[in-house]
Amino acid sequence: MEIEPFAWKGHEYVILNEGNEFAIYQIDDPVNPVKVATSNFKFGTRGDSDYDLTQFDVCDDCRYGVLAHKVKRTVVFDLGTGAEPTFPSGAYTSYDITFE
């Protein structure tokens, strides 16, 4: 499990690796985080593994992020262009490569 803070259009967020999907929370008020998006990649798992999304990276005010997944390998995903980051349906590209 991993969590990373980032800024989007003047607001503060965190993206949380939930094992196979992401959740994004707005944390302008850290005492009351608000969930704004959940991914719906449904990449599947390898064997009986529960946590196949192994690494990811996003940056402040960047539209695209990257992740490593045991099944889909390297994936570039889109956070959209709206007022809040989101996961547009099917807005990703996977590459069958690995980096070491």
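Everything discussed here concerns the structure shown above.
Residues numbered from 1 in each chain as written. Predicted model: local features only at pLDDT ≥ 70, side-chain atom pairs only at ≥ 80, totals over all residues. Heavy atoms only, no water.

S.K.: How would you sum up the sheet that holds strand E3 (residues 22-26)? Please name residues and give values.
M.R.: Spatially, 4 strands are ordered E1-E2-E3-E4 in an open sheet, and the strand pairing comes out antiparallel. Each of the sheet's edge strands pairs with one partner strand only, and the pair in question is strand E1 (3-8) and strand E4 (34-38). For this sheet, the mean inter-axis angle between neighbouring strands, taken without regard to orientation, is 30°. (Pairing = 2+ DSSP bridges. Helix = DSSP H or I, 4+ residues; strand = E, 2+ residues; numbered from the N terminus. Axes fitted to C-alpha atoms, helices over the stretch in contact; angles between N-to-C directions.)

S.K.: For the pattern of salt bridges, give the residues involved together with the corresponding values.
M.R.: Overall, the coordinates contain 2 salt bridges when judged by the stated rule. For aspartate 52, the salt bridge identified is with lysine 70, shortest N-O distance 3.7 Å. With aspartate 52 in the loop between E4 and strand E5 (53-57) and lysine 70 in the loop between strand E6 (64-69) and strand E7 (73-78), this pair connects stretches of sequence that are 18 residues apart. For lysine 70, a relative accessible area of 32% gives the class partly exposed. The salt bridge involving arginine 63 is made with aspartate 78; its shortest N-O contact spans 3.0 Å. Separated by 15 residues along the polypeptide, arginine 63 in the loop between E5 and E6 and aspartate 78 in strand E7 bring together distant segments of the chain. Judged by its relative accessible area of 36%, arginine 63 is partly exposed. You can call aspartate 78 buried: its relative accessible area is 10%. (Salt bridge = Lys/Arg side-chain N within 4 Å of Asp/Glu carboxyl O. Buried < 20%, exposed > 50% of the residue type's maximum accessible area, 1.4 Å probe, protein only.)

S.K.: Run through the state of the cysteines, naming residues and quoting values.
M.R.: Covalent bonding between the sulfur atoms of two cysteines is what defines a disulfide. Scanning the model with the defined rule gives 1 disulfide in all. Put simply, cysteine 59 and cysteine 62 are joined by a disulfide, and their sulfur atoms are 1.7 Å apart. Handedness here is read from the sign of the S-S torsion; for cysteine 59 and cysteine 62, about -110°, the answer is left-handed. Judged by its relative accessible area of 33%, cysteine 59 falls in the partly exposed class. With a relative accessible area of 23%, cysteine 62 lands in the partly exposed category. (Disulfide = S-S within 2.5 Å.)

S.K.: Please provide a residue-by-residue account of the environment of tyrosine 92, values included.
M.R.: With respect to the helices and strands, the residue tyrosine 92 is situated in strand E8 (residues 92-95). The sequence separation of tyrosine 92 and phenylalanine 22 amounts to 70 residues, and the corresponding C-alpha distance is 13 Å. Residue contacts for tyrosine 92: discarding those within four places in its chain leaves Phe41, Phe43, Lys72, Val75, Val76 and Phe77. (Contact = heavy atoms within 4.5 Å.)

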